[in-house]
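Geometric and topological summary
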Amino acid sequence: AGEPLGYFADARGQMISRSSWEKDALQLNYVARAVVAGHKAPIRGYFRVNALGTEWLDFRSRANSHSRVNSLVTVDGQGQDASSVRTLYYRGASHTKGATFDLMGSDLTAAYRHADNPFPNLNYTRLKPDPRPWFDMPFKYLVHWYYGDRPQKQILDFGEVEFDPENYKGKQEFAYAYRTAAFARGEHPYILIVDDVKKDDQTREYIWHAALNAALKKNLGDHQVTGDTAILTDAHDPTKHLYVRMFGYEGNGTFVIEHVLPTQDVDRPKMDLKTDLMPHNLKFKSRSNTAKFRALIYAFRDGDPMPTIAGKAGAYTITIGEQIDTLDLSTAPEHGVKVQLTRK
């Protein structure tokens, strides 16, 4: 029907990308969440991946009271609060017909600072301001999202200070947290998740989480996890795989598949909480003072060409068969890095 292969929702801070409309298409759903309203959860910037007719990396909606349960980064085991994420830029098929690449950059810093959504209004976290006047109104004057008949916050706040966009505080110190999702179409489509996260100058354990679909627990012995490369195998069709490669990271790091302790429903005391009943994540564990995670995600069948990544210091070449892309991660203080992809 000529519908675009990419969708961008400024109101939500969400990018949905697919390689085609075929049933085996590679699909990425990246949900930054530029608003707090509704079911509040510390899962800002999560993603999910489908490919080859299989759900690989999932979204866990009923056990989401901690960031570790979804596809996010934790620092010494700590995650986010439910603060909104600022959308920094979007380029892709939602705006440009036939675009080869979709890219969306997000600032997740407030959530990692546990800043309790300090932003002055709804327009602050959007990419483009909404012209309706109430988008520029201070949050305290907007009605409560659920009750609808009272302000969200106490209007008379004698301790109120003007919002400082550079130095706003939270419950914990956190330097910055940026995530960019990129989707590449073509004969061999793939996904990039680019994270730049720094709490402080101390060496800490940064863990990159990918929430595995429950079916992938049935064949844990079939997945190949070594160093900075993981190859997952479909539980129902051993010819289908998902390749995940981490590159450009600081210090040492390695992939593991481990369970994660859920936070709701299945951990009630009356239930028999065993490891095999818990959700499992693919985790990349790294100790450093800065997390620079660049994850390439590629779905393939037996016999398909495999990706190769060459380069360093922010300039890379990604080659899959005859397909050659250039990845440039240029320094941009307001973005962490700005991701640029070009195809030869």
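Up top is the structure these notes are about.
Because the structure is predicted, anything quoted here is derived from the model rather than measured.

Observations concerning empty space enclosed by the protein
Throughout the structure, instances matching the rule amount to 1 cavity of 30 Å³ or more. What the largest cavity holds in volume is close to 30 Å³. Looking at the lining of the largest cavity residue by residue, the classes come out as 4 nonpolar, 4 polar and no charged.

Quick look at the sheet that holds strand 1 (residues 6-9)
On the basis of which strands lie adjacent, the open sheet formed by 5 strands has the order 1-2-3-4-5 and antiparallel pairing. Of all the strands in the sheet, just strand 1 and strand 5 (54-57) have a single pairing partner and so form its edges. Adjacent strand axes in the sheet meet at a mean angle of 10 degrees when their direction is disregarded. Bridge analysis of strand 3 (residues 27-31) against strand 4 (residues 46-51) gives 5 bridges, and the strand direction is antiparallel. Bridged to Asn 29 within strand 4 is Arg 48.

So, a nonpolar patch on the surface
Together, Trp 134, Met 137 and Tyr 141 make up an exposed nonpolar region whose accessible area comes to about 290 Å². Relative to the assigned elements, Met 137 resides in the loop between helix 1 (109-113) and strand 9 (176-184). Residue classification places Met 137 among the partly exposed positions, given a relative accessible area of 30%.

Some details on the sheet that holds strand 6 (residues 73-75)
One open sheet accounts for 4 strands, arranged 6-11-16-15; its pairing is antiparallel. This sheet does not close on itself; its edge strands, each paired only once, are strand 6 and strand 15 (252-259). Within this sheet the neighbouring strands show an average axis-to-axis angle of 25 degrees, counted without direction. Where strand 6 lies against strand 11 (residues 204-211), 3 bridges are found, and the strand directions are antiparallel. What sits directly across from Val 73, in strand 11, is Trp 208.

Quick notes on the environment of Val 36
With respect to the helices and strands, the residue Val 36 is situated in the loop between strand 3 and strand 4. On the accessibility criterion, Val 36 (17% relative accessible area) is buried. Each C-alpha atom, one on Val 36 and one on Ser 83, is 6.3 Å from the other, the two residues being 47 residues apart in sequence. When near neighbours in sequence (up to four residues on either side) are disregarded, Val 36 contacts Arg 44, Ala 82, Ser 83, Ser 84 and Asn 117.

A few points about the side chain of His 188
Relative to the helices and strands, His 188 is located in the loop between strand 9 and strand 10 (190-198). With residues up to four places along the chain from it excluded, the contact list for His 188 reads Tyr 298, Pro 305, Ile 320 and Gln 323.

A look at the pairing of strand 3
Summarising burial for strand 3: 4 of the 5 residues are buried, a large majority. Here strand 2 (residues 14-18) pairs with strand 3 via 5 bridges, running antiparallel. Within strand 3, the residue paired with Ser 17 across the bridge is Leu 28.

Section: unusual backbone geometry
For His 114, which is not glycine, the phi torsion reads 55 degrees and is therefore positive. Mapped onto the secondary structure, His 114 falls in the loop between helix 1 and strand 9. Residue His 114 is classed as partly exposed on the basis of its relative accessible area, which comes to 23%. Phi angles above zero are rare outside glycine, and Asn 117 is one such case at about 50 degrees. For Asn 117, the location among the structural elements is in the loop between helix 1 and strand 9.

Regarding the nonpolar core
In terms of nonpolar packing, the biggest core is built from 49 residues, with Phe 47, Val 49, Leu 57, Trp 208, Leu 242 and Ile 297 touching the most fellow members. Looking at which element gives the most residues to this core, the answer is strand 17 (residues 291-301), with 5 residues. With residues near it in sequence (within four places) discarded, Leu 242 still touches Val 49, Trp 56, Leu 57, Ala 230, Ile 231, Leu 232, Ile 297, Tyr 298 and Ala 299.

What counts and how
- Residues numbered from 1 in each chain as written.
- Predicted model: local features only at pLDDT ≥ 70, side-chain atom pairs only at ≥ 80, totals over all residues.
- Heavy atoms only, no water.
- 1 Å grid on protein atoms, 1.4 Å probe; cavity = no way out; pocket = protein on both sides within 12 Å on 5 of 7 lines; lining within 4 Å.
- Points joined across faces, edges and corners; volume = space filled by probe spheres on them.
- Nonpolar A, V, L, I, M, F, W, Y, C, P; charged D, E, K, R; others polar.
- Pairing = 2+ DSSP bridges.
- Helix = DSSP H or I, 4+ residues; strand = E, 2+ residues; numbered from the N terminus.
- Axes fitted to C-alpha atoms, helices over the stretch in contact; angles between N-to-C directions.
- Patch = residues over 30% accessible without salt bridge, like charges linked within 9 Å, V, L, I, M, F, W, Y side chains within 5 Å.
- Areas by Shrake-Rupley, 256 points an atom, 1.4 Å probe, with all protein chains shown as cover.
- Salt bridge = Lys/Arg side-chain N within 4 Å of Asp/Glu carboxyl O.
- Buried < 20%, exposed > 50% of the residue type's maximum accessible area, 1.4 Å probe, protein only.
- Contact = heavy atoms within 4.5 Å.
- Core = buried A, V, L, I, M, F, W, Y, C linked by side-chain atoms within 4.5 Å.

These results come straight from atomic positions and should not be treated as a statement about function.
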